[in-house]
Amino acid sequence: MLDTWYDPTAIAIVLVGTIAATILRCGFVDSRVAAGALRGLLGAPFNVAKAKASLAIQIREIADDGFIRAEPRHFGDNEFDSLSDLMISQRSIQSLHGEHSKFKEARLANAKTAIRVLDCAADLAPVLGLAGTLVALGHARGAAPEDAGIVGAISMAVVTTLYGLVAANFLFSPLGGAIARRSRREEIDRDEVLEWLAHGIRRAGVPDMAPEPEREAA
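Quick caveat, the model's predicted, so the values are computed rather than measured.

Chemist: In this structure, what is going on with the packing of helix α2 (residues 8-26) against helix α3 (residues 28-42)? I would like to understand it.
Modeler: How two helices pack is summed up by the angle between their axes together with the distance between the axes. α3 packs onto α2 with a crossing angle of 125° between their chain directions and a minimal axis gap of 6 Å. One way to sum up the angle between α2 and α3 is to call them oblique. In this structure, α2 contributes T22, I23 and C26 to the contact, and α3 contributes F28, D30 and S31. When the residues that make up the contact of α2 with α3 are grouped by side-chain class, the tally is three nonpolar, two polar and one charged.

Given below as C-alpha cells:
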C-alpha cells in the first residue's frame, strides 16, 4: 500500500519544482525572508514573563537612581535591548513608543512577505503536480496497454497530482497560517510588555522627560 503512494520522483517534481518556481516568482530576497520566518517557527516564542522579569530590574534602578545614573539592562531581545539604551540615553520614556513602532513595522513587513511567498507556493504546488502528471503521461505515450511501463506512468501521474494538492493544503498554506498566528501573538505580547514598562516607570515616580537645562540669559 505504501509503495503505491510513495514515489520519490513525484516528490522531487512537486516540492523541488514548487520551491524553484516560487523563488523565481517572488525573488531571492523575499524567499530568504520567508525561510527566516520558517526558521523562527522552530524557535521559542517571545517570552512575556522573561521580558518583564528582566525589565523589572531596569525599572527598579531607574526608580532608585534616576535616568542619569541608571545603566541599560539587556536580556537578549533586540527590540527591548535597543529600547533600554534609548530610554537611558534620552532620559525619557516618551521615545519608547516611536522606536517600538519601527521594530513592529519591520516585523509585520517580514511576516507579510513570508506569508505572501508561502501563499504563492501553495498556488504553484498543484500546478507542479499537474506538470508531473503531464510528464508521466508523456512517458506512457506509445506504450502497449499490456506493458508495465504504462501502468507505472499512470500511477505516477495520479500520485504527482495528489502530492501537489497535499503540498498546497497541508504544507505551504498551514505554514503561512502558522507564521501569521505567531506574528499576531508576538505583537500582542510585545505591546503588553511595552505598556507594562512605561506604566512601571511612571509608578516609580520618574517624570516622562528629564528636565532640559536652563538656558543662560543673553
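Chemist: In this structure, what is going on with the pattern of salt bridges? I would like to understand it.
Modeler: When charged atoms on two side chains of opposite charge get close, those side chains can pair. Overall, the coordinates contain 11 salt bridges when judged by the stated rule. Between R116 and D30 there is a salt bridge; the shortest N-O distance is 2.3 Å. Placement of R116 in helix α6 (residues 95-140) and of D30 in helix α3 is noted, with a sequence separation of 86 residues between them. Here R190 and D77 are joined by a salt bridge, their closest N and O atoms 2.7 Å apart. One end of the pair, R190, is in helix α7 (residues 148-203); the other, D77, is in the loop between α4 (48-69) and α5 (78-90), with 113 residues separating them in the sequence. Neither R190 nor D77 differs from the other in exposure class; each is buried. Among the charged side chains, a salt-bridge network with shared partners connects D77, E79, R107, E186, E187 and R190.

Reading the values: the criteria
Residues numbered from 1 in each chain as written. Predicted model: local features only at pLDDT ≥ 70, side-chain atom pairs only at ≥ 80, totals over all residues. Heavy atoms only, no water. Axes fitted to C-alpha atoms, helices over the stretch in contact; angles between N-to-C directions. Helix = DSSP H or I, 4+ residues; strand = E, 2+ residues; numbered from the N terminus. Parallel < 35°, antiparallel > 145°, perpendicular 65-115°, else oblique. Contact = heavy atoms within 4.5 Å. Nonpolar A, V, L, I, M, F, W, Y, C, P; charged D, E, K, R; others polar. Salt bridge = Lys/Arg side-chain N within 4 Å of Asp/Glu carboxyl O. Buried < 20%, exposed > 50% of the residue type's maximum accessible area, 1.4 Å probe, protein only.

That is the geometry; function is a separate question.
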